[in-house]
Amino acid sequence: MKRLTSALLGSALLMLAASPVHAGEKIFTAKKCNACHYTQGPAREKSIADQLAKKGPELWYAGSKFQQKWLQAWLQDPKPIRSLKYNSLTVNNPGNHPKLAAADAKSVTDFLMTLTSKSVKSGFIKPKKNPKGRLIFVKKMPCSGCHAFPGKKKFKGGRSGPSLVGAGKRLNPDWIFAYLKDTKEFKPVRSMPVFKGLLSEKNMKKVAQYVASFK
Amino acid sequence: MKMSKSIIYTALLCAFSLALSTPAPAAEVEQVFNFYCAQCHGLEGKGDGPNVSKTFPVDPRNFTKAKEMEKLSDADMKNVIMDGGPSASKSPMMPPWSKTISEADADALVKYLRKLCNCKGKGS
């Protein structure tokens, strides 16, 4: 019985060691992605200085934040999401994020998709172009002041936050809602206002649906 | 010995209370301003942050214009910082920061803005 248990445990460990998740993490480390992105939660930032010391966004909840298909494609052709360099208000994004080969991009994506947050409930938000969400995003709250967004209007949004053009393909709709609702869980220090207590959960849901509909 | 211990505890308590109630020092206030406000108001406070383009729906306030800044009281400014533009019938592009920054930081920001305009507010 002991031998059988040991054999089963041994095979399980072997399978785990050979799984693509581990391969992705190895590539992530070998390519020095962890020099700019940390992957172990919870959030570490306690002060503005902590946030400013980071070279790139934290990825410890990447699996909850991104859509797998988009992430895998983006790692192979990383077009800037931010107009400005990370944490800068004066320097444009140089667009020099390293590219990964297709196989590596798949492995790293598989790894990143395992990094999730319990605060993100899945299947809660469905993309929807709803007028209430639009009204809050464009008129009642300052979202468009910092985020580029798609539309026919002359004003296409600000530059200090990440662009939300194509957010429907990039972001998990449930994460958008969770990020509005439990901001400090993901980013305790950020230059975007905390809306919890200012915007009802019902309205946050409307905004999340609206942003998730962005092409 | 007991006496000296209680003096130390009292001193520590006083220092702690002071730390909680005192606005952030100048260098920190500038960091707070640069982090939250400069996105729209610019690093020098001239209303020309990177979000402001020709199509931006409103002109963010230029804090260096003393004539305009004198019309506002310190309380007016703190109110807009905490509750956003609409609280003073101004643009919603000015966000409400009450859930993001502390009262002490807001007080320090008001003082910082007074430094930028080199002016005094209405009623002060």
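Residues numbered from 1 in each chain as written. Chains lettered and ligands numbered in written order. Predicted model: local features only at pLDDT ≥ 70, side-chain atom pairs only at ≥ 80, totals over all residues.

1. Some thoughts on helix H7 (residues 131–140) of chain A
Residues and elements named next belong to chain A. Within H7, the full set of buried residues consists of Gly133, Ile136 and Phe137. Buried residues of H7, seen end-on, are gathered within an arc of 90° and therefore sit on one face of the element. Tucked inside the fold, the buried residues of H7 contact helix H8 (143–146) and helix H12 (201–211). (Buried ≥ 20, exposed ≤ 12 C-beta atoms within 10 Å, placed from the backbone. Helix = DSSP H or I, 4+ residues; strand = E, 2+ residues; numbered from the N terminus. Arc of directions from axis to C-beta. Contact = placed C-beta atoms within 7 Å.)

2. A short note on the environment of His147 of chain A
All names here are of chain A. Within the secondary structure, His147 sits in the loop between H8 and helix H9 (167–170). A count of 23 C-beta atoms within 10 Å places His147 in the buried class. Along the chain, His147 and Lys128 lie 19 residues apart, while their C-alpha atoms are 19 Å from each other.

3. Here's the deal with the domain arrangement of chain A
Residues and elements named next belong to chain A. According to the domain assignment, chain A consists of domain 1 (20–112) and domain 2 (131–211). Centre-to-centre, using C-alpha coordinates, domain 1 lies 21 Å away from domain 2. At the junction of the two partners, domain 1 supplies 18 residues and domain 2 supplies 16 residues. Elements with a minimum of two residues in the side of domain 1 that touches domain 2: helix H3 (48–52) and helix H4 (62–65). Looking at which element gives the most residues to the side of domain 1 that touches domain 2, the answer is H3, with three residues. A per-class count over the side of domain 1 that touches domain 2 returns eight nonpolar, five polar and five charged. (Domains from an automatic or database assignment. Nonpolar A, V, L, I, M, F, W, Y, C, P; charged D, E, K, R; others polar.)

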